[in-house]
Structure formats: structure tokens, C-alpha cells
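What follows is the residue order along each chain.
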Amino acid sequence: MVSYKRLTPEEVHFSGAALLDPPPDDSTDPEVKELDPDLPLLPQRPRCSITAGLLTLGGLILVLSGVWLLGTIFWLHSPPSTEPHRPPPPAMDPGRGNGTRLQPESCSKVPEAWRFDCYPERGVVVTEEMCHARNCCFIPRSQGKTSGRNGVPWCFYTPDYPSYELVSVSDNEMGMVGKLLRKKKTYYPKDIDTLQLEVIYEDDNRLRVRITDPAQKRYEVPLDVPVVQKQALNRSYTVEFINEPFGLVVKRALTGTVLLNTSIAPLFYADQFLQISTSLPSRFIYGLGEHRSNFLHDVRWNTLTMWARDVPPMELTNLYGVHPFYLSMESDGKAHGFFMLNSNAMDVALQPAPALTWRMIGGILDFYMFLGPNPSSAIGQYLDVVGKPAMPIFWALGYHLCRWGYKSSNKTWDVVKEMRNYGIPQDVQWNDIDYMDRALDFTYEPLNFSTLPDLVKDLHRHDQRYVMILDPGISSTQKPASYWPFDEGAKRGLFINESNGDMLIGKVWPGLTAFPDFSNPDTHDWWYENLQRFHDKVPFDGVWIDMNEPSNFFDGSLNGCPENELDNPPYMPGILGGTLKAKTICASARQKISSHYNIHSLYGLMEAKATESALRKITGKRPFVISRSTFPSQGRYSGHWLGDNRSQWKDLATSISGMLTFNILGIPLIGADICGFGGSTTEELCVRWTQLGAFYPFTRNHNSIDETDQEPTVFSPAARTAMKEVILLRYSLFPHLYTLFHHAHVRGRTVATPLLFQFPTDMKTYGIDKQFLWGNSLLVTPVLEPGVEYVVGYFPKGLWYDFYTGDSLVSSGEEIKLHAPLDKINLHLREASIIPTQRPNTTLWVSSGQPLHMVVSLSNEGLALGDLYWDDGESLDSYETDQYAYIYFTVKQNTMKSEVLHTHKEATYITVETVSFYGVKVEPENVTVNSQEAAFTYHDNQVLVVTDLGLNLSQNFTISWM
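Quick summary incoming for the structure in this document. (Residues numbered from 1 in each chain as written. Predicted model: local features only at pLDDT ≥ 70, side-chain atom pairs only at ≥ 80, totals over all residues. Heavy atoms only, no water.)

Here's the deal with the overall build of the chain
Across its full length, the chain carries 16 helices and 51 strands. Looking at the chain residue by residue over its 962 residues, the buried ones come to 61%. The contacts in the chain between residues at least 6 apart in sequence include a share of 71% that link residues at least 24 apart. Total accessible area on the chain stands at roughly 37,000 Å², and carbon and sulfur atoms take up 52% of it. (Helix = DSSP H or I, 4+ residues; strand = E, 2+ residues; numbered from the N terminus. Buried < 20%, exposed > 50% of the residue type's maximum accessible area, 1.4 Å probe, protein only. Contact = heavy atoms within 4.5 Å. Areas by Shrake-Rupley, 256 points an atom, 1.4 Å probe, with all protein chains shown as cover.)

Brief notes about the pairing of strand 21 (residues 428-431)
By the alternation rule, side chains of strand 21 split into Val428 and Trp430 and Gln429 and Asn431, which are all buried. As judged from the 2 bridges shared by strand 20 (residues 399-403) and strand 21, these two strands associate in the parallel manner. If you follow His400 over to strand 21, its bridge partner there is Val428. Where the polypeptide runs from strand 20 across helix 5 (residues 409-421) and back to strand 21, its parallel neighbour, the crossover connection is right-handed. Both strand 21 and strand 22 (residues 465-470) contribute to a ladder of 4 bridges, which runs parallel. Paired with Val428 across the two strands is Arg465, which belongs to strand 22. Between the parallel elements strand 21 and strand 22, the chain passes through helix 6 (residues 452-461) in a crossover that is right-handed. (Pairing = 2+ DSSP bridges. Right-handed = clockwise from strand over helix to strand, strands pointing away.)

A short note on unusual backbone geometry
In this chain, Gly372 is followed by Pro373 through a cis amide linkage whose omega measures 15°. Mapped onto the elements of the fold, Pro373 is located in the loop between strand 19 (365-370) and helix 4 (375-386). The amide bond that connects Glu549 to the next residue, Pro550, takes the cis arrangement and shows omega of -5°. With respect to the helices and strands, the residue Pro550 is situated in the loop between strand 26 (542-545) and helix 9 (596-599). A positive phi angle is found at Ser633, which is not glycine, with a value near 90°. Looking at the secondary structure, you find Ser633 in the loop between strand 27 (625-627) and strand 28 (639-641).

Focus: the sheet that holds strand 27
Ordered by their spatial adjacency, 9 strands build an open sheet running 29-28-27-26-22-21-20-31-30, and the pairing between neighbours is parallel. Two strands in the sheet have a free side with no partner beyond their single neighbour: strand 29 (670-671) and strand 30 (673-674). Contacts between helix 10 (residues 603-619) and the sheet are confined to strand 26 and strand 27, with strand 26 contributing the most and set at about 170° to the helix. (Axes fitted to C-alpha atoms, helices over the stretch in contact; angles between N-to-C directions.)

Re the packing of aromatic side chains
Here the structure, examined in full by the defined rule, presents 55 aromatic pairs. Where Phe534 meets Phe540, the ring centres are 6.2 Å apart and the plane angle is 25°; that geometry is what we call stacked. Among the residues examined, Phe534 registers a relative accessible area of 2% and is labelled buried. Looking at Arg533, its charged tip hangs above the ring of Trp484, at a distance of 4.2 Å from the centre. Over the aromatic face of Trp641 sits the side chain of Arg700, whose NZ or CZ is 5.2 Å from the ring centroid. (Phe/Tyr/Trp six-rings, centres within 6.5 Å; stacked < 30°, edge-to-face > 60°. Lys NZ or Arg CZ within 6 Å of the ring centre and 35° of its normal.)

Focus: the sheet that holds strand 12 (residues 273-279)
Each strand in a sheet pairs with another by means of backbone hydrogen bonds, the pair being arranged parallel or else antiparallel. Strand order across the open sheet formed by 5 strands is 11-12-18-17-14, with antiparallel pairing between neighbours. Edge positions in the open sheet fall to strand 11 (268-270) and strand 14 (302-306), since each of these has one partner strand only. Within this sheet the neighbouring strands show an average axis-to-axis angle of 15°, counted without direction. When strand 11 meets strand 12, the two strands line up antiparallel, connected through 3 bridges. By the bridge assignment for strand 12, Tyr269 is matched with Leu274.

Thoughts on the nonpolar core
Counting residues in hydrophobic clusters, the biggest one holds 238 residues, and the most contacted among them are Trp358, Phe695, Met896, Phe917 and Ile959. Ile959 has contacts with Asn894, Thr895, Met896, Val915, Phe917, Val927, Thr928, Val929, Val946, Leu949 and Leu951, leaving out every residue within four places of it along the chain. Ranked by size, the runner-up nonpolar core spans 35 residues in total, among them Tyr119, Ile139, Trp307 and Ala353. (Core = buried A, V, L, I, M, F, W, Y, C linked by side-chain atoms within 4.5 Å.)

Description of the side chain of Asn318
Within the secondary structure, Asn318 is located in the loop between strand 14 and strand 15 (323-329). A relative accessible area of 0% means that Asn318 is categorised as buried. Within polar-contact distance, the side chain of Asn318 engages the backbone oxygen of Trp307 at 2.8 Å. At 2.9 Å, the side chain of Asn318 forms a polar contact with the backbone nitrogen of Leu576. Here Asn318 is in contact with Glu290, His291, Thr305, Trp307, Arg309, Val311, Gly574, Ile575 and Leu576, once residues within four sequence places are set aside. (Polar contact = N/O pair within 3.5 Å; in protein donor to acceptor, adjacent residues only side chain to side chain.)

Concerning helix 10
Here helix 10 contains 17 residues, and its C-alpha end-to-end distance of 24 Å stays within 8% of the 24 Å for a straight helix at 1.5 Å per residue. Buried residues dominate helix 10, accounting for 12 of its 17 residues. Where helix 10 is buried, its residues contact helix 8 (521-535), strand 26, helix 9 and strand 27. Following helix 10 by one or two positions, Gly620 has its phi on the positive side, about 70°. (Expected span 1.5 Å × (residues − 1).)

Side note on the state of the cysteines
Tallying each qualifying case throughout the model produces 5 disulfides. Two residues share a disulfide in this structure: Cys107 and Cys137, whose sulfurs sit 1.9 Å from each other. Because the sign of the S-S torsion sets the handedness, a value of about -70° for the bond joining Cys107 and Cys137 places this disulfide among the left-handed ones. Of this pair, Cys107 sits in the loop between helix 2 (50-76) and helix 3 (128-132) while Cys137 is found in strand 2 (residues 137-138), placing the two residues 30 residues apart along the sequence. According to the relative accessible area criterion, Cys107 is buried, its value standing at 1%. A relative accessible area of 0% places Cys137 in the buried class. Across a sulfur-sulfur distance of 2.0 Å, Cys675 and Cys686 are joined as a disulfide pair. With the S-S dihedral at roughly 85°, the linkage between Cys675 and Cys686 falls on the right-handed side. Taken together, the residues Cys675 in the loop between strand 30 and helix 12 (683-693) and Cys686 in helix 12 connect sequence positions 11 residues apart. For the pair Cys675 and Cys686, a shared accessibility class is recorded, and that class is buried. (Disulfide = S-S within 2.5 Å.)

Points about the pattern of salt bridges
All chains considered together, the criterion is met by 41 salt bridges. Residues Glu202 and Arg208 are paired through a salt bridge, measuring 3.9 Å at the closest nitrogen-oxygen approach. Accessibility expressed as a relative area gives 8% for Glu202, which makes it buried. One salt bridge connects Asp271 with Arg218, and the closest N-O pair in it is separated by 2.9 Å. Within this pair, whereas Asp271 is found in the loop between strand 11 and strand 12, its partner Arg218 is found in the loop between strand 7 (206-212) and strand 8 (237-242), the two being separated by 53 residues in sequence. Asp271 gets classed as partly exposed once you look at its relative accessible area, which sits at 26%. Using a relative accessible area of 12% as the deciding quantity, one classes Arg218 as buried. Connected via shared salt-bridge partners are Glu198, Glu202, Arg206, Arg208, Arg210, Lys217, Glu220 and Asp366. (Salt bridge = Lys/Arg side-chain N within 4 Å of Asp/Glu carboxyl O.)

Here we look at the pairing of strand 7
When you tally the buried positions in strand 7, you get 7 out of 7 residues, the bulk of the element. Residues of strand 7 alternate between two faces, with Arg206, Arg208, Arg210 and Thr212 on one and Leu207, Val209 and Ile211 on the opposite face, all of them buried. Relative to strand 7, strand 6 (residues 194-203) runs antiparallel, the two sharing 6 bridges. Counted as the bridge partner of Asp203 is Arg206 from strand 7. Hairpin connection from strand 6 to strand 7: 2 residues lie between these consecutive antiparallel strands. Of the strand pairs in this sheet, strand 7 and strand 19 are connected by 6 bridges, and their pairing is antiparallel.

Below you can see the structure in the form of C-alpha cells.
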């Protein structure tokens, strides 16, 4: 029996530091008060009497006259300026002999939380003179009062800082179009003075805004997005404008909640610096990947940089992927999403107002808003734009085993055989780069891996699969005519070039390398030919694409990078290494569709598209691709893992945040390296990680070279048994997991689901990232600390059932202490749910043919519902071609009904063997199945079990009790 302990208020704590920690306390500063939500976003100037106003006006006229006279004398004695137009210098204070610039009184009235950074460059000590040269306010303060990365900016914009003016706006068939003019230059070069504003009412819950240069075509992200022919008429949002300084305000029509307000800070639109800010309706913001952080982002002066980078996961830096999308919760439980369609290097600055600032060094301003109104629908609307994730091939959801350092195919084979000997489920075996001949792509080492083809054939005989790694770097130093991938790629001109047109040479594992240009469609053909040639030798089943940021052991290239505006832009986001070229190729490198400066962060997406397309042709089945670098729409082509983590408890815990974030970014096939990649694990850590990893949507144990072995077979019998049992548990849940991926594919739903998605009005769930749900109903509460046999979990208000026993738990919305010995992970079913499970086996091919066991958790009213999607598990486009079965289950008035909504022959092979009903309050006198009496068992914990049913899944059935 499970042990529950209700916690006292003194013991209660919620995971997610950003939720618990209060905003910076500004009450000690007399100039900063708590903001009233009904007050304007920026402070108003204090009212004054007529007398005071006249005196102030007279003094101001006197000062301005003196400044004008001095300026005129200076201008008459100065030579004509040859410098570009710059903003007018701030007025000097004539009372100071040192020429200190006069700062507007309004500066001191701006609350700290609403100070927008006027000098965001990294590594610069900003002085008063530097700040005033930008016409900005300068108020130093102690940085010790804030815990964020940057702290309150000393240099910030004045409330009336010059920006664009909306000089005209008119309706058109899609929405509105306007013209923006800038009259004063900014401090970044190549301002674009005239802009075109497009407001497109694409859908009742989707708004698109584009701000472009009407005089010159600028780079735009080559992402396929919907093209709408007519505007939506029943919109859930309203759009308002502020003419000068220009501002765009978007509100929720039903509640009036302000979702976007760009008037709070100036708009910048220079050739290599675009900046736009907005208020946020609350401090609860999620997404903005890829970063290691809590699921709930900290808005206390926290800047997130986006530029794909090869670096082991660490806090406060840019990682492998780029996802400029956020989900924002509103005060009433509603939610909306925001997507900035831009692939250039950028900073996203969060501050406690709460507010957010986008800073990008290229492209255009092109963004979408998704009105939800709940979190799940907001994510679905985002995926309507970038593309919903692919339906995975069935074996992708099994247990995967990999390491860098097996060192031979026979050693790899031995590991597989050991797993079989112990009866531990395994669907997929992988190899890292050590299978290659001298680290060359599309080769295998002829001595140590001579039996690799035989290994793969043996895996196939046992209904298992093989996945290999590929890196994009192609060796450029092999003897002529000896290495087809390079020879043919060079012949066809398919590699990335330097800015002068020469082939760019970097360095990766095989030494000096060239990088395929995946923005070129011809490269996709060449990539397919390489994969097909290798598949003829080693019939692999899936591909793991790594190092595709792209990673480079040089900074830039063998020849370095030129000194130009692409490699050295006027503004540098906070990229690890301080330059765009750090551990990648030159930004000025030339690719088919644009410079690398613009499409760097798309490299992994473009390689994934090429690989997915190739595998479709080679295997004729659903492709399996796992990619390290990702970009919006990636879920259509690949899954992702969270990179080179370490065998530490912290990495175990933070993997949940990463998994939840990628689910809301549309990449549900996501997991972390179980037991850790770098460093050596401990037995306890590996058991706990295997338990959590069994509930990653993508579950793989992966280890680094020369570290201690960490396959389940190497541990003590007790640990090995615990790992085996939880993997079998995952396999038993395969029908439910497969159905969740169907809903992700068709409706854009999450597989691993944050609690707040199901309980959006319960603010206690907003920061929880140490628990999660599968879909809507199965709550996972893992142990994330060493040496404990209990774990604390939060249970939102309602009725919950222990998944294993059916014991009920009624929560008022509280934390509860759960017994969690080393051989157990806590699972609970939410009331009113029905989930299908299956008798597990050592591979999903065998498991998926076994009878079903349905688990039903009744509400207090005796209600429940659930569903099952089923197909052959591997055919292309099964749903799109109607090659599937879909069954809907309901329970009410003591009767369970199965309704086949879509039939297919695959369903005829499956039977429903047993059903367990949790929460049957009164012991039944009889149970009937399709009106025939049936045997049943009733337990004291109100669990009714009906067995030996033999019901064909393809036919409707009813089960009733009285």
C-alpha cells in the first residue's frame, strides 16, 4: 500500500524558484512603488500648479535660448560635418563647468522595473557620458539588490525617447497597412527611416504583424507558413495604435487584458539592429528555448541569447537550438503565445515590470500572436503555423541504448545479448562515432567494426533496430578519388564557401572538413545518395545527426574570418565566446539562399529535412531522426535530445524542464541521456534516472567514452530488477503513449504535459517542473534527490488514484509526501480518465500484439473517458490516408461503452482482456459484458476488476455493473 502524508503549511514548498521568489523589493527606494495594474505602464509626470508651471516654463525658455545662442556661435565657427546624421546631443547644464549633460526630470520618475536598457552591449562599463551620448537617462544603483544576470540598467530610455511615428494607416482585405517614419537617427548605423506596417487578421485566434523595409527586400526566414486569403471576422483580439512614438497594443477582446504593448520603449529598425519591447500581462512566461533553466523563466533582469551553439548544457548561455516562441499565462488563467519569426542572432531580455525586449541583428520584424485562450490551444495554434510534429515510427517509443566508446561491433553486440539474457526490454541499439573509419561519415571501421552488418541483421531478426550517428563535417583531406562524399560534393559545388568564394574549411572529428550547404536542394540529393550507398552496406533504421549547429573546432575557418560587418556586427548578442564565429563557421560564409549570418541557426533544421526525406525514400517507412540543433518546425522532421549532460542529480532534475519546454515548442519526441553522458554515474542515480527516463517521450541511455559502464545489466540484481520493471512499465503503457503522439501529430497537443496546462486557474502549478503529466491524466512524481525514500508531490484539487493499486486520494490542492523506495516511481491517475495499457514484452513489436488492459479512474459522479489510436506503427501517413483505427471510451451510469469511430484491420488483431475500474463506491451484485453476465472481483479499496473478456477492439462493447 502506498503511504501518503499531508504536509503542514510549514513544510509546503513548490518547485520552480522563479515562482516562489518575490520580485525585487523596491520599497526601500522612495522613487519606486508597487505598480497598480490600472495605472499607465509608464509613470505620468506629476501635476503642478499654474504658478509653478509658468516658472518652470520661463526657466526652460531661458535655458533653451542660451543653448541655442551657444550652439549658433559654435556652428558658425565649425567646418561642415562629414559624419552621418546622428541624434542631437542632449542639452548641457550651464550651471556645471564640466559640461555634464542635463538629464530630464522624468528619468527619476521611471520605476526600476520599467527601465529599458539603452546600453545593452555586453562587457561594457557604461559611464554617464556614454549613456548621455545616446540621449538616455543615467542613474547608477547597487547591483546587489537584484539576482538576475544583468540587474537594473543604469542607462535607460527616457519616457519620450524618439522613435517611429505612424503617419498613415488604412484598412485592406487582410487587415491594416501603415507607414512608419523615423525623423531622428539612432546610435546604430544604417537606420531605415521608412517602414511598412502590416497587420494581418489571419484567424479568429491568430494575429500576424510584419514590419518591413518597403524600399529594399531584406532577408526573411524560409519557413513554410500558412498563406491566408481573407481576414478573420470574429476575432478574439483587438488592435490599437499609438501614433507617436509609435506603439502597437493588442488586447483580448473578451476581457480587455493587454497582451502586447510596444509603446513602453522605442522601436529600433537599423540594418543590423532591430529592437522591440512589450509589456507582459504577468511574470509567468515559458518557452524561449534552448536554454537550461527552470520551466518557468525568471523575469528578474534575465537575458536569454539565441544563436545555435555546441556547448554542454549550462545555465545562462545559448545552447544547441533556437526557438523564439513564448507562452504567457494571464492573471485569470488564460494563456497566449507569441512567435518571432526571425533566425538571426538575438537577445531576449526579461525584466520584472514584467516586460520583454527582442533584440535581433538582422532580418525583419515578423511576429504572430496566438490567443488560446488556454495553454493547450495556444500551442496548437502555434503549431498550425510552424507545422505539427510527425507521427513517430512505433519502435521510436521503445528503450534505446547507446554509448560513445563501445569500440567494436562485437562489444556492442555483447551488450545487446546481455540485455536479452536478463529479459530487459530494448528496441534500439545505437553507435556513436567510434563505428566510423577514421571518423569519416558513411564508413565503418574495417577491423574493430567488421561485423557491424551482421550485428544489424541480428537485431532485425530479433525485431530490434539500429541507429547510427552522422556529423555534417565531411573530411576534405582524403586522397583524390578515394572518398566519394567529398569528391562528389566538391564536384557539384555543394559545400559552404567563404565570402571570397573559396570552399570554407573547418575542423571536426576527422580533421579538416567541409560543410554541406543544406540550404541547397541539390545537397539533399547528394545526402540521400550517400545514405543510400551506406545503407546498402549497413541496413540502419534511423539516423542521429549531431554537431549540426554547425560545430567547428576552429573559430570560423582554417583561414579565420574577414573583418566585415557580418562577422563583426555593431551589436553583438550575449553569445558564448563573444563572437558569432565562436566554435562555428564564419557568419560571412556564403550559402545558396543567404549568408550564414542569416541562416546559421537553421542548419540543424535543414539537415534534418534532408535526412528525413532520404530515409523516407530508403526505408519506405516513417523516418526516425534525432537532431541536436533545432529550430521551429523541427518536430515535423526529427526529435531531439537535451545534449551532453552529466551524471549528476542536478542534470536529472533539470531534464524535466527541458522536456516540458520542447513539448510546448512542438518537439514532443524529446529526452535526456539517461544516467548522464559525461562523468560516471552511481547505481542509485542510474536507477532513479531510469525511472524518470521511462517517462521521457524519447528514452535513451547514453554514455561517454572511458566512463564507467551504465547499461542496466552492469548493476546489482536489485538495481537491475528495478530498472527492468520500470522499462516494462513503459512498454505496458505503449498504447496510451502512442495515442498521445497521435494527438500531438493531429492536434498539436503535448505528450509530456506541464501541470498548469490542465489546471490553468491553479497558480500553484505555474512553477512546477519536478512533476509532469502524460497527456491529461497520468501524473509522474519522480525522485530527484539522493538517499531518500519519500518524495513530495503537488496534487491539484480533485480526486486522484494510485496507478498501481487504485487507492484514492482526495486533494484540496496541496503537497503530499509519497513513499518512494528505490524500486518505485510514483504514478497517479486523475479522476474521469480511461487509459489503455498492454501486456509488455522485451520489444514493442511483440508487446504491440498483446491483449489490452483498460484502467478506468472514475470521478465522484461515476464518469470517465478516454481513447485509443491504432495503426500498423510504421507506414507513412497512416492517419492522412485513413489507414488507422480510433476508438472512444466513456463511462457513465455504471456503464462503460466502446465506440469505434474509425475502423481498420489492425484493430482486429487486438483484444481487450481486462478492465479495472477505480472508485466504484458500492460492491456490484453483478457485471454484464454485452448483456452477458461476467466474472468480476471487487476489492476493499473500491476497485472493480473484470477479467477474461476477449473483446475484439474493432467492435463496440459495453460493460455494466449493478
